[in-house]
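# Structure assessment
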Amino acid sequence: MLPNAKTCFYPRSPAEAFRILKESGPRLLILAGGTTAALSNDPKIEALMDITRLGHDTIEPIGTGFRLGCNVRLQDLAESAALQEFCGGMVAQAAGAVGSRPIRNAATVGGNAVQVFRWSDPPVAWLALNARFEIEGPAGARSLGADEFYARHPRQALDAAELVLGVRLERPEGPHAGAFSKLARTAFDLAIVDVAVLLLGSRESCQGARIAIGATRTLPWRAARAEERLRGQPLTAEALADAARLAREDTQTAGDARTSAEYRLQMVEVMVRRTLQQAADRLR
Amino acid sequence: MQIHVEVNGKRLTWEAHPGESLLSVLRREGFLSVKRGCEEGDCGACTILLDGRSARACLLLSAQVEGRRITTLEGLGNADRLHPLQQAFVDSGAVQCGFCTPGMVLSAKALLDRVPRPDEEQVREALDGNLCRCTGYKKIIEAVLLAAQRMNP
């Protein structure tokens, strides 16, 4: 219950939304799927703005990749035949790993990207694919790559009157394969560890790797030393195990109600190794 | 604020607080099949259909349903005239305490509207957001498969 919310705006275009954002200031809460907002009791919120009616709700093929509108529901990503095929299906699987179907029916691409929690599943896929976030505000449009977008909390990357209107995915050039894994206690519990990887090249000679890890600390991150270990190398079981060990060594984490820090660390290594193996098996 | 909404085919205007949950408003307006369970999106007892897709009434603010179409269990059938899904739940012994049943039936309806003859895996997936503490799910899954068979022979 947001006790002091008195009204709700329903902008029909981004321009209208920017105007409302500018006029209403910090007492306005932006609603997309609303699954987080509904649990808030923030007394400072005086007005709501439902942005789900301003368009940007389709998955468009663009070039060899896609543009995902901010208002596309996570369930639609999970069910997209094109995304199930794209880069090992990591986007479809990461979206499908969120909560349960009714939650995925509500939660949106944009809302999930900005309102990121430690256990959010899709951000590891955005990081592994180096997705670009299309940001727009009264001053114009710009875009940020996932590395920059998640370098600090995305709310800090956005100006007060800016919105994320879409996410661009480029298909990597040349042979590539991806994979996503989530470790959780039950089918719809929050993640203990999330991993998404993208491998370029071949099993004989890896031309590059992007390894993204989620749920271990506030924001998802890339295991840079693990990626470096694989570059230019054959993807042998030993190389993958080395990379997984490096990822574990670079993991900063803590325990919580679901798991101890020790277990999570152990599982980072296991999940990185398995996810790398899965992607490597998909390479020629 | 005033909220204009279509519930079970009827156009309604509610006087509601925009920051309160849809669950509170629905129950106040008499739609008591929408159960107040965990109130944090885990249990599925408050499942409704929003524009035909399953949703959590407890995770929606009332303002979000302006201009939208809601289906609750009251819109499916009643004691004299059961919906085929409800009849199948009865015939399969899929109801014990009954608290999760409205949500189960609505999640199943959303599935059958999309996939008229689902297999068991699809039924399990469609019910992934509905917890039942009595039945162990087996008879619920059987009920949905039975209803599908009767509705789309």
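Remember, predicted model here, so these are calculated numbers, not experimental data.

### What to know about the overall build of chain A
Along the backbone of chain A there are twelve helices and twelve strands. For 284 residues, the compact-globule formula gives about 19 Å, and the C-alpha radius of gyration of chain A, at 19 Å, lands near that figure. Each principal axis of the C-alpha atoms in chain A carries an extent, and together these give about 60 × 45 × 30 Å.

### Remarks on the overall build of chain B
For chain B, the count of helices and strands is five helices and five strands. The helix and strand sequence of chain B, counted from the amino end, reads β-β-α-β-β-β-α-α-α-α. The burial tally for chain B puts 48% of its 153 residues in the buried class. Intrachain contacts of chain B at a sequence separation of at least 6 include 61% that bridge at least 24 residues.

### What about the domain arrangement of chain B?
Residue and element names in this part refer to chain B. Under the domain assignment, chain B is made up of domain 1 (2-75) and domain 2 (84-151). Each of domain 1 and domain 2 has a C-alpha centre, and these two points are 21 Å apart. Listed as interface residues are 15 residues of domain 1 and, on the opposing side, 13 residues of domain 2. Elements that contribute at least two residues to the side of domain 1 that touches domain 2 include exactly strand 3 (47-50) and strand 4 (53-56). For the side of domain 1 that touches domain 2, the element with the highest residue contribution is strand 3, accounting for three residues.

### As for the environment of A92 of chain A
Residues and elements named next belong to chain A. With respect to the helices and strands, the residue A92 is situated in helix 4 (residues 90-96). Under the C-beta neighbour-count criterion, A92 is labelled buried, with 24 such atoms within 10 Å. Setting aside residues up to four positions removed in sequence, A92 forms contacts with L77, A78, S80, L83 and Q84.

### A closer look at the interface of chain B and chain A
On the side of chain A, 24 residues touch chain B, which itself brings 23 residues to the contact. Among the elements that take part in the side of chain B that touches chain A, strand 4 of chain B stands out by supplying four residues, more than any other. Its residues assigned to classes, the side of chain B that touches chain A comprises nine nonpolar, eight polar and six charged.

### Section: the sheet that holds strand 9 (residues 176-183) of chain A
Residues and elements named next belong to chain A. The four strands lie next to each other as 9-10-11-12, forming an open sheet whose pairing is antiparallel. If you trace the sheet from one side to the other, it starts and ends with strand 9 and strand 12 (221-222), each paired once. Note that strand 9 and strand 10 (residues 193-201) share eight bridges and pair antiparallel. If you follow F180 over to strand 10, its bridge partner there is A196. Here helix 12 (residues 261-282) sits on the sheet and contacts strand 9, strand 10 and strand 11 (206-214); the angle it forms with strand 10, its principal contact strand, is near 35°.

### Looking at unusual backbone geometry
Even without glycine at this site, A215 of chain A takes up a positive phi of about 80°. By the element assignment, A215 of chain A lies in the loop between strand 11 and strand 12. Even without being a glycine, Y137 of chain B presents a positive backbone phi close to 75°. Here Y137 of chain B shows up in the loop between helix 4 (120-126) and helix 5 (138-151).

### Things to note about the domain arrangement of chain A
Residues and elements named next belong to chain A. Examined at the domain level, chain A breaks down into domain 1 (7-49), domain 2 (59-169) and domain 3 (176-282). Distance between the C-alpha centres of domain 1 and domain 2: 20 Å. At the interface, eleven residues of domain 1 touch 15 residues of domain 2. Along the lines of polarity and charge, the residues of the side of domain 1 that touches domain 2 split into six nonpolar, four polar and one charged.

### Examining the packing of helix 3 (residues 101-114) of chain B against helix 5 of chain B
Residue and element names in this part refer to chain B. Running from N to C, helix 3 and helix 5 point in directions that differ by 40°, and their axes come no closer than 11 Å. On the basis of their axis angle, the class for helix 3 and helix 5 is oblique. The two elements helix 3 and helix 5 cross, and the hand of that crossing is right-handed. Within the contact between the two elements, helix 3 uses M104, A108 and L112 and helix 5 uses I140, V144, A147, A148 and M151.

### Focus: the environment of T47 of chain B
Positionally, T47 of chain B belongs in strand 3. For the pair T47 of chain B and L106 of chain B, spaced 59 residues apart in sequence, the C-alpha to C-alpha distance is 6.9 Å. Look past the residues within four positions of T47 of chain B in its chain and what remains in contact with it is P102 of chain A together with S54, R56, G103, L106, S107 and N130 of chain B.

### Things to note about the nonpolar core
All names here are of chain A. Grouped together as the largest cluster of nonpolar side chains are 143 residues, with contacts concentrated most on A196, V197 and V272. In terms of residue count, helix 12 provides more of this core than any other element does, seven residues in total. Setting aside residues no more than four positions away along its own chain, V197 makes contact with A128, G178, A179, A209, R210, I211, T275, L276 and A279.

How each quantity is defined
- Residues numbered from 1 in each chain as written.
- Chains lettered and ligands numbered in written order.
- Predicted model: local features only at pLDDT ≥ 70, side-chain atom pairs only at ≥ 80, totals over all residues.
- Helix = DSSP H or I, 4+ residues; strand = E, 2+ residues; numbered from the N terminus.
- Rg over C-alpha atoms; globule rule 2.2 N^0.38 Å.
- Buried ≥ 20, exposed ≤ 12 C-beta atoms within 10 Å, placed from the backbone.
- Contact = placed C-beta atoms within 7 Å.
- Domains from an automatic or database assignment.
- Nonpolar A, V, L, I, M, F, W, Y, C, P; charged D, E, K, R; others polar.
- Pairing = 2+ DSSP bridges.
- Axes fitted to C-alpha atoms, helices over the stretch in contact; angles between N-to-C directions.
- Parallel < 35°, antiparallel > 145°, perpendicular 65-115°, else oblique.
- Left-handed = near helix turned anticlockwise from the far one by under 90°.
- Core = buried A, V, L, I, M, F, W, Y, C linked by C-beta atoms within 7 Å.

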